Amino acid sequence: MSHQPLRQAIDPLDPLHLDGLLSEEELLVRDTVRRFVGDRVLPDVGEWFDQGTFPREMAQAFGDLGLLGMHLEGYGCAGTSATAYGLACLELEAGDSGARSFVSVQGSLAMFPIWAFGSEEQKQEWLPRMAAGTAIGCFGLTEPDSGSDPSSMRTTARQLPNGDWVLNGTKMWITNGSIADVAVVWAVTDPEGPDNGAVRGFVVPTDTPGFSAPVIHKKVSLRASITSELVLQEVHLPAGAVLPNVTGMRGPLSCLNEARFGILFGACGAARACYESALSYSLERVQFGKPIASFQLTQKKLTEMAIAVHTGTLLSMHLGRMKDAGTLATPQVSIGKLNNVAMALRVAREARAILGANGITLEYPVVRHMVNLESVYTYEGTNEIHTLIVGNALTGIPAFG
Ligand SMILES: Cc1cc2nc3c(=O)[nH]c(=O)nc-3n(C[C@H](O)[C@H](O)[C@H](O)COP(=O)(O)OP(=O)(O)OC[C@H]3O[C@@H](n4cnc5c(N)ncnc54)[C@H](O)[C@@H]3O)c2cc1C
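Residues numbered from 1 in each chain as written. Predicted model: local features only at pLDDT ≥ 70, side-chain atom pairs only at ≥ 80, totals over all residues.

## With respect to the overall build of the chain
Here comes step 1: On a plain count of helices and strands, the chain comes out with ten helices and nine strands.
Here comes step 2: Over its C-alpha atoms the chain spans a radius of gyration of 22 Å, differing by no more than 12% from the 21 Å that the globule rule assigns to 401 residues.
Here comes step 3: The principal-axis extents of the C-alpha atoms in the chain amount to approximately 80 × 50 × 45 Å.
Here comes step 4: The 401 residues of the chain split such that 48% are buried.
Here comes step 5: Considering only contacts within the chain whose residues lie at least 6 apart along the sequence, 75% involve residues at least 24 apart. (Helix = DSSP H or I, 4+ residues; strand = E, 2+ residues; numbered from the N terminus. Rg over C-alpha atoms; globule rule 2.2 N^0.38 Å. Buried ≥ 20, exposed ≤ 12 C-beta atoms within 10 Å, placed from the backbone. Contact = placed C-beta atoms within 7 Å.)

Spelled out as structure tokens, the structure:
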């Protein structure tokens, strides 16, 4: 045991010295994505948010950097560790939750099901282009009347005698829907058919007749991200459009677990951006003849924010190491999402208060993160649903219905 006197100083931007936990490869990924966000996201994201848009050309920029499907192997994917993927999500969301959402949806919700459950033909057709960002994917699970309980979905898949499929239904709140080239759509099969009414996944090119994806307008949150409805009216697909290697809710739920893992890291990025913005603002803003950072009430806020952001990041790192070791359990992903998104929202609100009136403008990143995090709190399993998943794991008693 060392009896050296403890050091007194800490780095305000890394107060728990979490950099010391990262490998060379992880530091490289982290620094590369941080630089990219600084160069390509931060200068324009306030404008995208203001205009309610996310430029399609960013897809190729993400692809060039190897961020799309980066934790998958083969088919042009980078094949990094899960922890490195998480760190990339953290840095992207320090820019904006919309940028991280794009990468999460493309990699974890659209590419992952094709990679994990698709036929070789489906993989060859879509994954290399999706990894490069020349084809954009979306994931259609939620419906107008089916959110937290996706097994109540009404979208149907009818199989014709020749093996072809016909899809009918409406999906809601679909990230990237209107700019997607391919949609992974989950639908209920015929109760009298060979799958006995089980949910199956379909790879649907968005130029298929009968498919349309109107944009959802008037969003106040996640504005630098495209959100759409998917309308499927007698969408006729060949027999080979079904994902052959998964049947039932295990398909969509395993995709959600992948994406939630990215989110539990990502939320720490949004929180970190808010904390750093509040820290620098408080050191510069003078009231009563002193920087506002010199007031005890401000220091209490900053201290609590620094602890929350960096213990949340430490939790993410721990869960990342478990995922890489193959020991991560679903309720542990829920613990991460539940803890880190709620933490990020609290930090964003405190940061907004420290910025005073400036805290409500898009000149600073804080209010943008604050309202974005309201979406992150709801999608990929609401706070309540993750509470119930953990509650079920602790007690053995499901309390969902
Ligand atoms: C910006 C954005 C992007 C999205 N992107 C996608 C996407 O790409 N693909 C996709 O398929 N979906 C997407 N979603 C949808 C998202 O996953 C759903 O909004 C989410 O699952 C919640 O469903 P809901 O909104 O219908 O809320 P509901 O399920 O109606 O829930 C409303 C409230 O009731 C609570 N509640 C529900 N059931 C229970 C219960 N048993 N016990 C206690 N409380 C309960 C919820 O926690 C919530 O507070 C997106 C949503 C947003 C906002």
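## Things to note about the packing of helix H8 (residues 330-354) against helix H10 (residues 383-395)
Here comes step 1: Put simply, H8 and H10 touch, their axes get as near as 9 Å, and they point 140° apart. One way to sum up the angle between H8 and H10 is to call them oblique. In this structure, H8 crosses over H10, and the sense of that crossing is left-handed. Contact residues: H8 offers Thr330, Pro331, Ser334, Ile335, Lys337, Leu338 and Ala342, while H10 offers Asn383, His386, Thr387, Ile389, Val390 and Ala393.
Here comes step 2: Here the contact of H8 with H10 is built from residues that sort into seven nonpolar, five polar and one charged. (Axes fitted to C-alpha atoms, helices over the stretch in contact; angles between N-to-C directions. Parallel < 35°, antiparallel > 145°, perpendicular 65-115°, else oblique. Left-handed = near helix turned anticlockwise from the far one by under 90°. Nonpolar A, V, L, I, M, F, W, Y, C, P; charged D, E, K, R; others polar.)

## Here's the deal with the pairing of strand E4 (residues 182-189)
Here comes step 1: Within E4, seven of the eight residues are buried, which leaves it mostly tucked inside the rest of the structure.
Here comes step 2: For strand E1 (residues 137-140) and E4, the ladder comprises four bridges, and the chain directions are parallel. Bridged to glycine 140 within E4 is valine 185.
Here comes step 3: As judged from the two bridges shared by strand E2 (residues 156-159) and E4, these two strands associate in the parallel manner. Bridge pairing links alanine 157 to threonine 189 in E4. (Pairing = 2+ DSSP bridges.)

## Some details on the domain arrangement of the chain
Here comes step 1: Examined at the domain level, the chain breaks down into domain 1 (18-132), domain 2 (137-247) and domain 3 (251-395).
Here comes step 2: The distance between the C-alpha centroids of domain 2 and domain 3 comes to 31 Å.
Here comes step 3: On the side of domain 3, nine residues touch domain 2, which itself brings twelve residues to the contact.
Here comes step 4: Residues belonging to the side of domain 2 that touches domain 3 are distributed by class as follows: nine nonpolar, three polar and no charged. (Domains from an automatic or database assignment.)

## Here we look at the environment of glycine 320
Here comes step 1: Among the structural elements, glycine 320 can be located in helix H7 (residues 296-325).
Here comes step 2: Every residue in contact with glycine 320, bar those within four places of it in the chain, is listed here: Ala82, Thr83 and Gly86.

## A short note on the site of the ligand
Here comes step 1: Neighbouring the ligand are 21 residues; Leu141, Gly147, Ser148, Thr382 and Glu384 lie closest to it.
Here comes step 2: Here the residues of the shell around the ligand are counted per class, giving ten nonpolar, nine polar and two charged.
Here comes step 3: Shared between two domains, the shell around the ligand holds at least three residues of each, these being domain 2 (137-247) and domain 3 (251-395). (Near = placed C-beta within 6 Å.)

## Considerations on the nonpolar core
Within soluble globular proteins, side chains that are nonpolar tend to cluster in buried spots.
Here comes step 1: Phe202, Ala271, Ala344, Val347 and Ala348 are the most contacted members of the largest nonpolar core, which totals 113 residues.
Here comes step 2: With 16 residues, helix H6 (residues 250-284) is the single largest residue contributor to this core.
Here comes step 3: Leave out the neighbours within four places in its chain, and alanine 348 touches Ala270, Ala271, Cys274, Val366, His369, Met370 and Leu373. (Core = buried A, V, L, I, M, F, W, Y, C linked by C-beta atoms within 7 Å.)

## Digging into helix H9 (residues 366-378)
Here comes step 1: Between its first and last C-alpha atoms H9 spans 19 Å; for 13 residues at 1.5 Å apiece the expected length is 18 Å, and the two agree.
Here comes step 2: Every buried residue belonging to H9 is among Val366, Val367, Arg368, His369, Met370, Asn372, Leu373, Ser375 and Val376, and all of these are buried.
Here comes step 3: The elements touched by buried residues of H9 are helix H1 (24-51), helix H4 (97-117), H6 and H8. (Expected span 1.5 Å × (residues − 1).)

## Side note on the packing of H7 against H8
Here comes step 1: At their nearest, the axes of H7 and H8 sit 10 Å apart, and the two run at 155° to each other. When the axis of H7 is compared with that of H8, the two are roughly antiparallel. Relative to H8, the crossing made by H7 is left-handed. Every residue of H8 that contacts H7 at Thr298, Lys301, Met305, Ala308, Val309, Gly312, Leu315, Ser316, Leu319 and Met322 is listed here: Gln332, Gly336, Asn339, Asn340, Met343, Arg346, Val347, Glu350, Ala351 and Ile354.
Here comes step 2: When grouped by side-chain class, the residues that make up the contact of H7 with H8 number ten nonpolar, seven polar and three charged.

## Focus: the environment of phenylalanine 117
Here comes step 1: In this structure, phenylalanine 117 sits in helix H4.
Here comes step 2: Of the residues examined, phenylalanine 117 has 22 C-beta atoms within 10 Å and is grouped as buried.
Here comes step 3: Residues phenylalanine 117 and glycine 201, spaced 84 residues apart in sequence, show a C-alpha to C-alpha distance of 9.0 Å.
Here comes step 4: Setting aside chain neighbours within four positions, we find phenylalanine 117 in contact with Gly201, Leu243, Asn245, Val246 and Gly251.

## A word on unusual backbone geometry
Here comes step 1: For tryptophan 173, which is not a glycine, the phi torsion comes out positive at approximately 65°.
Here comes step 2: Within the element layout of this structure, tryptophan 173 appears in strand E3 (residues 165-175).
Here comes step 3: Of the residues examined, tryptophan 173 has 20 C-beta atoms within 10 Å and is grouped as buried.
Here comes step 4: One non-glycine residue, glutamate 234, lies in positive phi territory at about 50°.
Here comes step 5: Note on placement: glutamate 234 falls in strand E7 (residues 227-237).

## With respect to the pairing of E3
Here comes step 1: Two strands pair when backbone bridges link them, and E2 and E3 are joined in this way by four bridges, in the antiparallel orientation. When the sheet's bridge partners are listed, alanine 157 is paired in E3 with leucine 167.
Here comes step 2: In sequence, E2 turns back onto E3 through a hairpin of five residues, with glycine 163 there showing a positive phi of about 95°.
Here comes step 3: Where E3 meets E7, eight bridges bridge the pair, whose relative direction is antiparallel. Residue pairing across strands places valine 166 opposite histidine 236, the latter belonging to E7.

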